[in-house]
Amino acid sequence: MTEADGDTTEAAGGRRIAVLGEMLELGDKAVAAHHEVGRMAAQNGVDLLVAVGGDLAKQLALSAGAAGVPDIALVGDNATAAAYLESILRPGDVVLVKASRGGQLWQIAQALTGQAITGL
């Protein structure tokens, strides 16, 4: 997420939506890293954070909410995330999708853009 800091294109009136999955293979640093990403989402003006996954996604979502992200959604899988986003997206919204490769969050982007869903 640090590579995207403040570097997004935003249409007038659109929301900044971050769809973030769990960062895998961080070991003992995993919880702290997810808390930091949640705080970074708030610092970068994210309007809606969709956290995808299990316990680490929950930590990310809790941290983002505590840091000031106004709307948070916690979903367990990519299909649920894509269905939720399809139901709430509006013209002008900007969506960042990011996670470890193992989370396969590209499937969410594929679903939102009408592409065939692929796996690893």
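Treat the numbers as computed from the prediction; the structure is a model and nothing was measured. (Residues numbered from 1 in each chain as written. Predicted model: local features only at pLDDT ≥ 70, side-chain atom pairs only at ≥ 80, totals over all residues. Heavy atoms only, no water.)

Digging into the sheet that holds strand E3 (residues 71-75)
- If you walk across this open sheet you meet the four strands as E3-E2-E1-E4, and the pairing is parallel. Where the open sheet ends on each side, the last strands, each with one partner, are E3 and strand E4 (94-98). Direction aside, the axes of adjacent strands within the sheet are offset by 15° on average.
- This element, helix H3 (residues 78-88), spans strand E1 (16-21), strand E2 (48-52) and E3 of the sheet and lies at about 160° to E2. (Pairing = 2+ DSSP bridges. Helix = DSSP H or I, 4+ residues; strand = E, 2+ residues; numbered from the N terminus. Axes fitted to C-alpha atoms, helices over the stretch in contact; angles between N-to-C directions. Contact = heavy atoms within 4.5 Å.)

Some details on the pairing of E2
- Of all five residues that make up E2, five are buried, and the element is covered over most of its length.
- You can see the chain leave E1, run along helix H1 (residues 30-43) and come back into E2, and the turn it takes is right-handed. (Buried < 20%, exposed > 50% of the residue type's maximum accessible area, 1.4 Å probe, protein only. Right-handed = clockwise from strand over helix to strand, strands pointing away.)

Describing the pairing of E1
- In terms of burial, E1 is largely enclosed, as five of its six residues are buried.
- Sheet topology note: the E1/E4 ladder contains five bridges and is parallel. Pairing of Arg16 across the sheet is with Val94, part of E4.
- Summarising the sheet, E1 and E2 pair through five bridges and their orientation is parallel.

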